Amino acid sequence: MTKVTIPQLQKMKDRGEKIAVLTAYDCAFARIFDRAGIDILLVGDSLGMVIQGHPNTLPVTLEQMAYHGRAVARGAARAHVTVDLPFGSYQVSPQQAVESAIRLVAEGGAESVKLEGGAPFAATVEAIVRASVPVMGHLGLTPQSIHKLGGHVVQGRGPEAARQLREDALALEAAGCYAIVLEAIPQGLAAEITASLRIPTIGIGAGAGCDGQVLVSYDLLGMDASFEPRFVRRYAELAEVVGEAAAQYLDDVKTSRFPAEANAYSDLPSPVRLAASGGEGLATK
Ligand code: KIV
């Protein structure tokens, strides 16, 4: 299985083929998404919210990103793996950013890193790319800036905000980003930015005019039934499926229907069972 490379992602934009991106946080989901053909697995700092239960992404650390990155990389035979630089790991200086990016590659399974911010981060992007680490940019609603933005709110509305975003996108491309996430901006503006750039844009809440789309996998899978923002399409109701499975298990344990004879081991080794497991270890069936 050959990996999706950055030149391949560029070719996808050039020939008008859409790029499919999903967040992943562990090996089990990464393997499923990879086998489904997802092009990029983003180890997003959204894990602070969907995995750790924080109200925002700000408490996530570099060590935690590296831990989840390693797990995802083990499940990604084909998909490109990009890992978020978390809050506080790159804003201090370009040197700090290079050191953090190198750690995510060396210890966190990252094939590229993502950071949030526009023109003020151009020098940072240049420094990381100079260290041979590809960078994905992230503009619009940048969750690490929620306190400055006043919450998770749509960005780029109005001529001045739109002009700023257009300039930021061009600055990130010139600095060497290989792709840019556009989050929660008007679809017309996203399409305009996409047309103005050579590199691919990956939209989330930015309409169909982007070169690719990204969703938080837990949103797409319906892991939190109460979370229903406009930009998400739910493809499964896992909260329901998992809840029903747990309730069924609970009932079976309480009523002694689990474990059954078939789930238990007898006193004497069974030749048939041991053969099924290769003659050693625990027989499965
Ligand atoms: O952290 C994340 O999951 C992200 C996506 C929402 C783009 O940055």
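Quick caveat, the model's predicted, so the values are computed rather than measured.

**Student:** Please explain the site of the ligand as it appears in this structure.
**Tutor:** The local shell around the ligand consists of Thr23, Leu42, Gly44, Asp45, Ser46, Asp84, Lys114, His138, Ile204 and Val216. Contacts to the ligand include Ser46, whose side-chain N or O atom sits 2.5 Å from an oxygen atom. Separating an oxygen atom of the ligand from a side-chain N or O atom of Lys114 is a distance of 2.8 Å. When the free accessible area of the ligand is taken as 260 Å², the share hidden by the protein chains comes to 95%. Taken together, the residues that form the shell around the ligand break down as three nonpolar, four polar and three charged.

**Student:** Could you clarify how one ought to interpret the environment of Thr124 in this entry?
**Tutor:** Locating Thr124 in the fold gives a position in helix H6 (residues 122-130). Separated by 48 residues in the primary sequence, Thr124 and Leu172 have C-alpha atoms spaced 9.9 Å apart.

**Student:** I'm lost on the sheet that holds strand S5 (residues 135-140) in this one. Help?
**Tutor:** Strands pair in a sheet through their backbones, by hydrogen bonds, and they do so in one of two ways: parallel or antiparallel. Pairing is parallel in the closed barrel, where eight strands are placed in the order S1-S2-S3-S4-S5-S6-S7-S8. Averaged over all pairs of adjacent strands, the angle between their axes in this sheet comes to 25°, without regard to strand direction. Summarising the sheet, strand S7 (residues 201-204) and strand S8 (residues 212-215) pair through two bridges and their orientation is parallel. Following the sheet pairing, Gly203 is matched in S8 by Gln213.

**Student:** What should I look at first to understand the side chain of Glu173 in this one?
**Tutor:** Along the polypeptide, Glu173 turns up in helix H8 (residues 159-175). Here Glu173 occupies a buried position and makes no salt bridge, while the nearest side chain of opposite charge, Arg198, is found at 4.7 Å. There is a polar contact of 2.6 Å between the side chain of Glu173 and the backbone nitrogen of Arg198. Excluding residues that lie within four positions of it along the chain, Glu173 makes contacts with Ile180, Leu197, Arg198 and Ile199.

**Student:** It is not clear to me how helix H1 (residues 6-14) should be interpreted in this structure. Could you clarify?
**Tutor:** Of all the positions in H1, only Leu9, Gln10, Met12 and Lys13 are classed as buried. Down the axis of H1, the buried side of the element spans an arc of 155°, and every buried residue falls inside it. Turned more than 90 degrees away from the buried face of H1, the exposed residues are Pro7 and Asp14. For H1, the elements touching its buried residues are strand S1 (19-23), strand S2 (40-43) and helix H9 (187-196). Once H1 finishes, Gly16 follows within two positions and takes phi at roughly 80°, a positive value.

**Student:** Looking at this model, I keep getting lost on the nonpolar core. Mind explaining?
**Tutor:** As a rule of thumb, nonpolar side chains are buried together in soluble globular proteins. The biggest cluster of nonpolar side chains holds 57 residues, and the ones touching the most others in it are Leu41, Leu104, Ile128 and Leu182. The element best represented in this core is H8, accounting for five residues. Apart from residues no more than four positions distant in its own chain, Leu104 is found in contact with Leu62, Met65, Ala66, Val83, Asp84, Leu85, Gly109, Ala110 and Val113. Ranked by size, the runner-up nonpolar core spans 14 residues in total, among them Leu9, Met12, Ile204 and Val214.

**Student:** How should a nonpolar patch on the surface be read in this particular structure?
**Tutor:** On the surface, a cluster of nonpolar side chains totalling about 290 Å² of accessible area is made up of Tyr249, Val253 and Phe258. Its location among the elements puts Tyr249 in helix H11 (residues 238-254).

**Student:** Could you clarify how one ought to interpret the packing of helix H5 (residues 94-108) against H6 in this entry?
**Tutor:** The axes of two packed helices give the description: the angle between them and the distance between them. Running from amino to carboxyl end, H5 crosses H6 at an angle of 40°, the nearest separation of the two axes being 9 Å. Classified by the interaxial angle, the pair formed by H5 and H6 is oblique. Regarding H5 and H6, the two cross each other, and that crossing is right-handed. Residues Pro94, Ala97, Val98 and Ala101 of H5 form the contact with H6, whose own contacting residues are Ala123, Thr124, Ala127 and Ile128. When the residues that make up the contact of H5 with H6 are grouped by side-chain class, the tally is seven nonpolar, one polar and no charged.

**Student:** I would appreciate a short explanation of the pairing of strand S3 (residues 80-84) in the present structure.
**Tutor:** As a general feature of sheets, a regular strand has side chains that alternate between the two faces. Burial analysis of S3 places five of its five residues in the buried class, which makes it a mostly covered element. Pairing of S2 with S3 involves four bridges; the strand directions are parallel. Looking across to S3, one finds that Leu41 is bridged to Val81. Pairing analysis gives three bridges linking S3 to strand S4 (residues 112-114), with the strands arranged parallel.

What counts and what doesn't
Position numbers for residues count from 1 along each chain, tracking the sequence in the order it is written. In keeping with the model being predicted, local features are shown solely for residues with a pLDDT of at least 70 and side-chain atom pairs are shown and tallied solely at 80 or more, while totals for entire chains, interfaces and linings include all residues. With hydrogens and water set aside, each side-chain value is computed from the structure's full complement of heavy atoms. Each residue is tested against the molecule or strand, and it is near if at least one of its non-hydrogen atoms lies within 4 Å. For the purposes of these results, a polar contact is taken to be a pair of N or O atoms within 3.5 Å, where, inside protein, one atom must be able to donate a hydrogen and its partner to accept one; residues adjacent in sequence count only when each atom of the pair is a side-chain atom. Computed with a 1.4 Å probe, the accessible areas rest on the Shrake-Rupley method; for each residue, only the protein chains presented here act as cover. Residues were grouped as follows: Ala, Val, Leu, Ile, Met, Phe, Trp, Tyr, Cys and Pro as nonpolar; Asp, Glu, Lys and Arg as charged; and all remaining residues, including Gly, as polar. Each helix is a run of H or I in the DSSP string that is no shorter than four residues. Each strand is a run of E no shorter than two, and both are numbered from the N terminus. The pairing criterion for strands is at least two bridges between them, as found by DSSP. To obtain an axis, a line is fitted to C-alpha atoms, over the contacting stretch when the element is a helix, and the angle between two such axes runs from 0 to 180 degrees between their N-to-C directions. Note on classification: 1.4 Å probe, protein chains only; a residue is buried when its accessible area is under 20% of the maximum for its type, exposed when over 50%, partly exposed between these limits. The charge count includes Lys and Arg as positive and Asp and Glu as negative, but it does not include His or the ends of the chains. When a carboxyl oxygen of Asp or Glu lies within 4 Å of a side-chain nitrogen of Lys or Arg, that pair is called a salt bridge. Contacts between residues were defined by any pair of non-hydrogen atoms, one from each residue, lying within 4.5 Å. The arc refers to the directions leading from the helix axis to the C-beta atoms. We call a set of buried residues a nonpolar core when its members are Ala, Val, Leu, Ile, Met, Phe, Trp, Tyr or Cys and they connect through side-chain atoms within 4.5 Å of each other. To count toward a patch, a residue needs a relative accessible area over 30% and no salt bridge; like charges are then connected within 9 Å, while nonpolar side chains (Val, Leu, Ile, Met, Phe, Trp, Tyr) are connected within 5 Å. An angle below 35 degrees is read as roughly parallel, one above 145 as roughly antiparallel, one from 65 to 115 as roughly perpendicular, and any other as oblique. The handedness criterion is simple: a crossing whose near helix is rotated anticlockwise from the far helix by less than a right angle is left-handed, and one whose near helix is rotated clockwise is right-handed.

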